[in-house]
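Architecture at a glance
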Amino acid sequence: MAFARTCSVALVGVDGVIVEVQADLEPGVAAFTLVGLPDKALSEARDRVRAAVVNSGEAWPQRKLTVGLSPASVPKSGSGFDLAVACAVLAAAERLDPSAIADLLLIGELGLDGRVRPVRGILPSVLAAADAGYERVVVADQTAAEAELVPGVSVIGVRSLRQLIAVLTGAPEPEEPPDRLVGRPDPLMAGLMLPSAGVRGLPDEAAARMDLADVAGQYEARRALEIAAAGGHHLYLKGPPGAGKTMLAERLPALLPRLTQKEALEVTAVHSVAGLLPAGRPLIDRAPYCSPHHSTTMPAIVGGGSGLPRPGAVSLAHRGVLFLDEAPEFPVRVLDALRQPLEAGEVVIARSAGSLRLPARFLLCLAANPCPCGRHSRRGEGCECTPAMVSRYQGRLSGPLLDRVDLQVQVAPVTRAELMQRDTSAETTEVVAARVLAARERAAARLAGTPWRTNAEVPGHELRTRWQLAPGALNDAARQLERGLLTARGLDRVLRVAWTVADLAGRDCPEQRDIRTALVLRTGVEQGLPLTEQFFRSPRPAVDRPDRADRSDDPAEDLAGDRSGDGSDEQPEERPQESPDARAGRRPTRPRSARRPPEPTPTEKPEKPEGSGT
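Residues numbered from 1 in each chain as written. Predicted model: local features only at pLDDT ≥ 70, side-chain atom pairs only at ≥ 80, totals over all residues. Heavy atoms only, no water.

1. Re the overall build of the chain
The criterion, for reference: Working definition: helices are DSSP H or I runs of at least four residues, strands are E runs of at least two. Numbering for both runs from the N terminus. Should any heavy atoms of two residues lie within 4.5 Å, those residues are considered in contact.
Looking only at helices and strands, one finds 26 helices and 19 strands in the chain. Long-range pairs, those at least 24 residues apart, make up 71% of the contacts in the chain between residues at least 6 apart in sequence.

2. Things to note about the packing of aromatic side chains
This is how it is decided: Only the six-membered ring of Trp is used, alongside the rings of Phe and Tyr, when aromatic pairs are assigned; centres must lie within 6.5 Å, and planes under 30 degrees apart are stacked while those over 60 apart are edge-to-face, with the rest tilted. Buried, partly exposed and exposed residues are distinguished by accessible area as a fraction of the type maximum, computed with a 1.4 Å probe on protein chains only: under 20%, between the cut-offs, and over 50%, respectively. Counted as over-ring charges are cases with an Arg CZ or a Lys NZ within 6 Å of the ring centre that also lie within 35 degrees of the ring normal.
Counted according to the given criterion, the structure contains 2 aromatic pairs. Aromatic pair Tyr 289 and Phe 323: ring centres 6.4 Å apart, planes at 25°, arrangement stacked. Taken as a pair, Tyr 289 in strand β12 (residues 289-290) and Phe 323 in strand β15 (residues 321-324) lie far apart in primary sequence, 34 residues in all. Relative accessible area serves as the criterion here: at 3%, Tyr 289 is assigned to the buried category. Classification of Phe 323 by relative accessible area gives buried; the value is 1%. The ring of Tyr 219 carries the charged tip of Arg 222 above its face, separated from the ring centre by 5.9 Å.

3. Topic: the environment of Glu 220
Tracing the backbone through its elements, the reader meets Glu 220 in helix α9 (residues 219-231). Along the primary structure Glu 220 and Val 411 are separated by 191 residues, whereas in three dimensions their C-alpha atoms are 7.8 Å apart.

4. Some thoughts on the pattern of salt bridges
Our working rule: What makes a salt bridge here is a side-chain nitrogen of Lys or Arg within 4 Å of a carboxyl oxygen of Asp or Glu, nothing more.
For the structure shown, the criterion picks out 33 salt bridges. The salt bridge partner of Arg 117 is Glu 109, with a shortest N-O separation of 4.0 Å. Asp 476 serves as the salt-bridge partner of Arg 479, at 2.4 Å between the closest nitrogen and oxygen. Taken together, the residues span about one helical turn, with Arg 479 and Asp 476 both in helix α22 (residues 475-483) at a distance of 3 residues. Asp 476 carries the same exposure label as Arg 479, and that label is buried. What you see here is one network of salt bridges that share partners, running through Glu 343, Asp 403, Arg 404, Asp 406, Arg 489, Arg 493 and Arg 522.

5. Here's the deal with the pairing of β15
Going by this rule: At least two bridges found by DSSP between two strands is the condition for calling them paired.
Burial along β15 is two-sided: Val 321 and Phe 323 and Leu 322 and Leu 324, pointing in opposite directions, are all buried. As paired strands, β12 and β15 are joined by 2 bridges and run parallel to one another. Looking at β15, one finds that Tyr 289 is bridged to Val 321.

6. A closer look at helix α20 (residues 429-446)
Helical periodicity: at 3.6 residues per turn, an α-helix aligns residues three or four positions apart in one direction. Heads up, the condition is: Expected span of a helix: the number of residues minus one, times 1.5 Å. By construction, the arc corresponds to the directions joining the helix axis to the C-beta atoms.
Taking 1.5 Å of rise per residue, the 18 residues of α20 would be expected to cover 26 Å, and the 26 Å separating its terminal C-alpha atoms lies within 8% of that figure. Taken together, the buried positions of α20 are Thr 429, Val 432, Ala 433, Arg 435, Val 436, Ala 439, Arg 440, Ala 443 and Arg 446. In a view along the axis of α20, the buried residues occupy a sector of 160°, so they form one face of it. Along α20, the residues that are exposed and aim more than 90 degrees away from the buried face are Glu 430, Glu 441 and Ala 445. Where α20 is buried, its residues contact α9, α11 (252-255) and α23 (488-505).

7. Here we look at the packing of α9 against α23
A pair of packed helices is characterised by two quantities: the angle between their axes and the separation of those axes. Here is the rule: Fitted lines through C-alpha atoms give the axes, limited to the stretch in contact for helices. The angle between two N-to-C directions lies from 0 to 180 degrees. Throughout this description, any angle smaller than 35 degrees is read as roughly parallel, any larger than 145 degrees as roughly antiparallel, any in the 65 to 115 degree range as roughly perpendicular, and the remainder as oblique. When residue character is reported, Ala, Val, Leu, Ile, Met, Phe, Trp, Tyr, Cys and Pro are called nonpolar, Asp, Glu, Lys and Arg charged, and the others, Gly included, polar.
The geometry of α9 relative to α23 is characterised by a closest axis approach of 9 Å and an angle of 100° between their N-to-C directions. Between α9 and α23, the angle is such that the two are roughly perpendicular. Side by side, α9 and α23 meet where Arg 223, Glu 226, Ile 227, Ala 230 and Gly 231 of the first sit next to Val 497, Thr 500, Val 501 and Leu 504 of the second. Split into classes, the residues belonging to the contact of α9 with α23 amount to 5 nonpolar, 2 polar and 2 charged.

8. Quick word on the side chain of His 234
Put simply, the rule is: Polar contact criterion, stated in full: a pair of N or O atoms within 3.5 Å, where within protein one must be able to donate a hydrogen and the other to accept it, and residues adjacent in sequence count only if both atoms are side-chain atoms.
Inspection of the secondary structure assignment puts His 234 in the loop between α9 and β11 (235-238). At a separation of 3.0 Å, a polar atom in the side chain of His 234 contacts the main-chain amide nitrogen of Leu 364. With near-sequence residues (within four places) excluded, His 234 lies in contact with Leu 342, Phe 362, Leu 363, Leu 364, Arg 404, Val 405, Asp 406, Leu 407 and Arg 493.

9. What to know about the nonpolar core
How we decide: Throughout, nonpolar core names a set of buried Ala, Val, Leu, Ile, Met, Phe, Trp, Tyr and Cys residues whose side chains join them through atoms within 4.5 Å.
One finds Leu 235 and Ile 515 to be the most contacted residues of the largest nonpolar core, which totals 52 residues. Per-element accounting of this core gives the leading share, 8 residues, to α23. Apart from residues lying up to four places away in sequence, Ile 515 is in contact with Ala 473, Leu 474, Ala 477, Val 494, Leu 495 and Ala 498. By size, the runner-up hydrophobic cluster in this structure holds 42 residues, among which are Leu 25, Leu 34, Val 89 and Val 116.

10. Comments concerning unusual backbone geometry
Residue Pro 71 is bonded to the preceding Ser 70 through a cis peptide linkage, with omega at 5°. Structurally, the position occupied by Pro 71 is in the loop between β4 (64-70) and α3 (82-92). Unlike most non-glycine residues, Leu 37 shows phi in positive territory, near 65°. Within the secondary structure, Leu 37 sits in the loop between β3 (31-35) and α1 (40-43). On the basis of relative accessible area, Leu 37 is assigned to the partly exposed category, the value being 46%. Although it is not a glycine, Gln 218 sits at a positive phi angle of roughly 55°. Of note, Gln 218 is situated in the loop between α8 (204-209) and α9.

11. Some thoughts on helix α17 (residues 387-394)
Looking only at α17, the buried set comprises Val 390, Tyr 393 and Gln 394. Each buried residue of α17 sits inside an arc of 90° when the element is viewed along its axis, so together they form one side.

12. Some points on the environment of Gly 239
Position of Gly 239 relative to the elements: it lies in the loop between β11 and α10 (245-250). On the basis of relative accessibility, which here comes to 2%, the residue Gly 239 falls in the buried class. Residues Gly 239 and Arg 375 lie 136 residues apart in sequence; the distance between their C-alpha atoms is 8.6 Å. Leave out the neighbours within four places in its chain, and Gly 239 touches Lys 245, Ala 368, Asn 369, Pro 370 and Val 411.

13. Quick look at the packing of α23 against helix α24 (residues 512-523)
For clarity, the cut-off: Note on convention: near helix rotated counterclockwise from far helix by under a right angle means a left-handed crossing. Clockwise means right-handed.
The contact between α23 and α24 brings their axes to 8 Å, and the two run at 120°. The angle between α23 and α24 falls in the class oblique. Considering only the axes of α23 and α24, their crossing is right-handed. Here Gly 490, Arg 493, Val 494, Leu 495, Val 497, Ala 498, Val 501 and Ala 502 of α23 come into contact with α24, specifically with Asp 514, Ile 515, Thr 517, Ala 518, Leu 519, Leu 521 and Arg 522. When the residues that make up the contact of α23 with α24 are grouped by side-chain class, the tally is 10 nonpolar, 2 polar and 3 charged.

Laid out in structure tokens, this is it:
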């Protein structure tokens, strides 16, 4: 009896499980049995491996062959076990030394001609091998750069089974020149790259062309975009068509800092498993951007599929931006499924074949029109929708979902002056990204030694107890909470945004004006601090605001505004302003001239009209 063993990796989500591949040869009728809970693609490895071995110039053993994949209870899928099965069979047939492959981990698919094809999920597979103590890994030559991202592992990249046999036996390596394909994709990469599913990893040159200065006007939304990027806060842009909501969202990833080494490995692992790793870029070091269509199904957003689930859009946007354009057009079930990932930063998917946990720490950006026709406003000019239609359209975004969104900004229509006049004061992406990076570094220094890295990740209890605010800073938020205009979760998110505003301004702790700014960004109700272009380092052109001569040069002082009073902690209680959405759904009152006259009392007789008979 001849026996040999080697190892490979089975992927369960984005986690790798070490699988021992055992080959046993016994006298008997020639047969090839594969056991160990393989799927359809893995079961077909019997024919692929036999053809690859024969076409590589080796003899196939004419005995009873049994190949086992252990542990047998773990589902195994894909064609990445081909290389390990072939080497185990050759070692059992004494063509290779069994001890040479015992401590070797092999990942790769075999073509019928013996060439080694790349497979998805190389990075998480090699990470699992490194955690298990393996020091040498064999992969396809096309994915060797991805495997080399893992420190402490020696990577052997091969292009064919013949080349691997020569490496293991010490024979001269055969020449395996790469295919020269001009104007055609490499066929060996066909199984590695899948359709993008709405994911766009912007290259540096494409991201450079999307500059924030290209957006006309929208100073309030620009500032909200900067705060969202600095603190990792979720953003909701609401406004008419053509106001620039999509342009703003597309420029949001460029404001985020580059990923750290740990974050880059996390993002690359998810994209590698999903088959979305860009060609020639083994490591994704920029924040990903995912923008699925509103017809996308629940498994495509959250993750799932037949058998073991695969990463969805929430995982593909991990450490990046998930942009849902025309958010009310998405199915309600899909939108409400985002509530758990928004809180936990991960998604747990359970299926009959097993359950897995996928990372989902993303920045959500929602964009929506105010009504089906898109022209609903406070004045109601040009809107053809009834109040019921407006209420039904806006109700597709549930209250619990919006309660998890920190910044809810009204995007006003662009004026003719903003569109036609060249705004030289508009800040570029590079300038804003520098402020975002400085604010993130300030937050990272404060959060050092904690499991959190941005203000949006810090629990509200820690914000209220560990880091103290300025005296009286929470007075306005406390009043909003008592009136029912703010939930307990909303109060925590107001605190997170206030810390981000303070970090951008270079303050050690949030003050009352920072809390008021956070309230304006969340509720849209002015607390004496309108969110205007006074927030910006660069002023708006004088043609639009000629009264800026009496403003201070300090944007923090301008933010406080003249209407904030003397800055004392005790503020007179003000009646909350009714939102335009509430006024649109309210039944209009009848004017006094059209009201019905009061009914006469029983003691009074109604006057008889003139000219009437008795």
